[in-house]
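Below, each chain spelled out in residue letters.
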Amino acid sequence: MSCKYCFCGKKNETLMSKQTAQKAIDFLINVSGKRKNIDILFFGGEPLLNKTGFRFALEYASSAAKKANKKVNFRITTNGTLIDDDIATLIYKFKVKTMVSLDGPPQVHNSQCPMADGSNSYNKILNGLSVLQRHDNPYVIRCTMTHHPPPLLTLLNSLDKLAPKEIIVEPVLSPNYRYYNLTFDQDDYQKLIKQNETLLSKLIQDFKNGKCVYNPYRRFLQAINTFKHNDASIFHCGACRYSLNVGADGSLYPCCRFSGMPGWKIGNIYDKLDIEKSKRFWQFYEDVRNSRCSSCWAESICGGQCPWEWADKNGTFGSNDNHCFRRKAYIEQAAYFYWQIKDNKYEKTQKNKE
């Protein structure tokens, strides 16, 4: 379950109260049934704007899970500007898997992600990363690429110097009903595909050497490996299945991407989860997916686009294939990648990571 602890991306947005956080955690433990492992993701906005709430949620969830004979795993996605010794100590104590948003070298990042007062944020994030390092906390860096991005290699080289456990590079996306002026267009996607193809040999060698920090094919490699063992699943998304999002006011949504979209609200922790609406979520999605994807050669590996990308504002799904060609290209590149690391190298690497 993805517990969206603090949604503060909009001006004057209310932070989640301790009461709501406690109710969300109790709800999670209750609906998880016999499941022994549960997950809480702190997401925003910027979740560390609510430092007191962050500490409370970690402590209360750990205690409540223990009483219920469960193990709780924590994750956080943060911009890193508010990480201090107290936060880093909590992250270490509760083993919080940390993802930090950083969009490239200073000139790129600062242009995309200024502070609220217009000042630069890059150096503040570097300070946050150094604090994490000082407390022996590993972290993943997520880089978001916007329309007309700089060369991929420029981004990777700048981020690799910061010693992340993993680098994730993804383009800005839009739901079906809206197009952002920063969203990738087809020309952007084509250039990204070519740049990844150029890096493919190096990525394969890095993988064989056990130091593949950037791997855009991870999901597809896992799908290919699963398919190889005759246990393939077309579903890669946990929304309304084993993941929910809790807004600051207790509203429930399929996942964090849908948060704040009234048409996609599926209940409230102070009232109830609308089970029938949750079921219809996948029924409606499948209707669109079948009409768009059933004849596609990549269906069994791709599984269909992210539901949010097909979402209309009113709580229904439209359809678009704005970057299906990118997924197909990545699957082809992933198949080559997998063939190069066959002979159980992939399985062994995954077991070592676990």
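These numbers were taken from a predicted model, which means no experiment stands behind them.

Brief notes about the nonpolar core
In this structure, F54, F74, F258 and F337 are the most contacted members of the largest nonpolar core, which totals 98 residues. Of the residues forming this core, the biggest block, eight residues, is contributed by helix α7 (residues 186-208). Discounting chain neighbours no more than four positions away, the residues touching F74 are I40, F42, A57, L58, A61, S62, F94, K95, V96 and K97.

Describing the pairing of strand β2 (residues 71-78)
Two strands pair when backbone bridges link them, and strand β1 (residues 37-42) and β2 are joined in this way by six bridges, in the parallel orientation. Paired with L41 across the strands is R75, a residue of β2. Handedness of the crossover joining β1 and β2 through helix α2 (residues 51-67) is recorded here as right-handed. Sheet topology places β2 next to strand β3 (residues 97-101); four bridges connect them, and they run parallel. Considered in β3, the bridge of T78 is made with V100. Read from β2 through helix α3 (residues 85-93) to β3, the crossover connection turns out right-handed.

Quick notes on the packing of aromatic side chains
The full count for this structure, using the stated rule, is 19 aromatic pairs. When the centroid spacing of 5.1 Å and the interplanar angle of 85° are considered together, the rings of W282 and Y285 count as edge-to-face. Of this pair, W282 and Y285 both sit in helix α9 (residues 275-293), separated by three residues, roughly a single helical turn. On the numbers, 6.4 Å between centres and 35° between planes, the contact of Y336 with W339 is tilted. Taken together, the residues span about one helical turn, with Y336 and W339 both in helix α11 (residues 324-340) at a distance of three residues. By relative accessible area, Y336 is classed as partly exposed at 39%. Within the aromatic cluster, the residues linked to one another by ring pairs are F258, W264, F281, W282, Y285, W310 and F317. Its guanidinium or amino end placed over the ring of W282, R241 lies 6.0 Å from that ring's centre, counting from NZ or CZ.

Basis of the calculations
All residue numbers refer to positions counted from 1 along the written sequence of the respective chain. With the structure being a predicted model, the display of local features is reserved for residues of pLDDT at least 70 and the display and counting of side-chain atom pairs for 80 or more, all residues being used for whole-chain, interface and lining totals. Hydrogens and water are ignored here; the side-chain numbers use all heavy atoms of the structure. By convention a nonpolar core is built from buried Ala, Val, Leu, Ile, Met, Phe, Trp, Tyr and Cys residues, the set being connected through side-chain atoms within 4.5 Å. Categorising residues by exposure relies on relative accessible area from a 1.4 Å probe, with only protein chains included: less than 20% of the type maximum marks a residue as buried, more than 50% marks it as exposed, and the intermediate range marks it as partly exposed. Numbered from the N terminus, helices here are DSSP runs of H or I no shorter than four residues, and strands are runs of E no shorter than two. Any two residues having at least one pair of non-hydrogen atoms within 4.5 Å are treated as being in contact. Between any two strands, pairing holds if DSSP finds at least two bridges. Here the term right-handed applies to a crossover when the path leading from its first strand over the helix to its second strand runs clockwise, the strands being oriented away from the viewer. In this analysis, rings of Phe, Tyr and Trp, with Trp reduced to its six-membered ring, are considered paired at centre separations within 6.5 Å, and the interplanar angle assigns stacked below 30 degrees, edge-to-face beyond 60, and tilted for intermediate values. Two thresholds decide whether a charge sits over a ring: the Lys NZ or Arg CZ must be within 6 Å of the ring centre and within 35 degrees of the ring normal.

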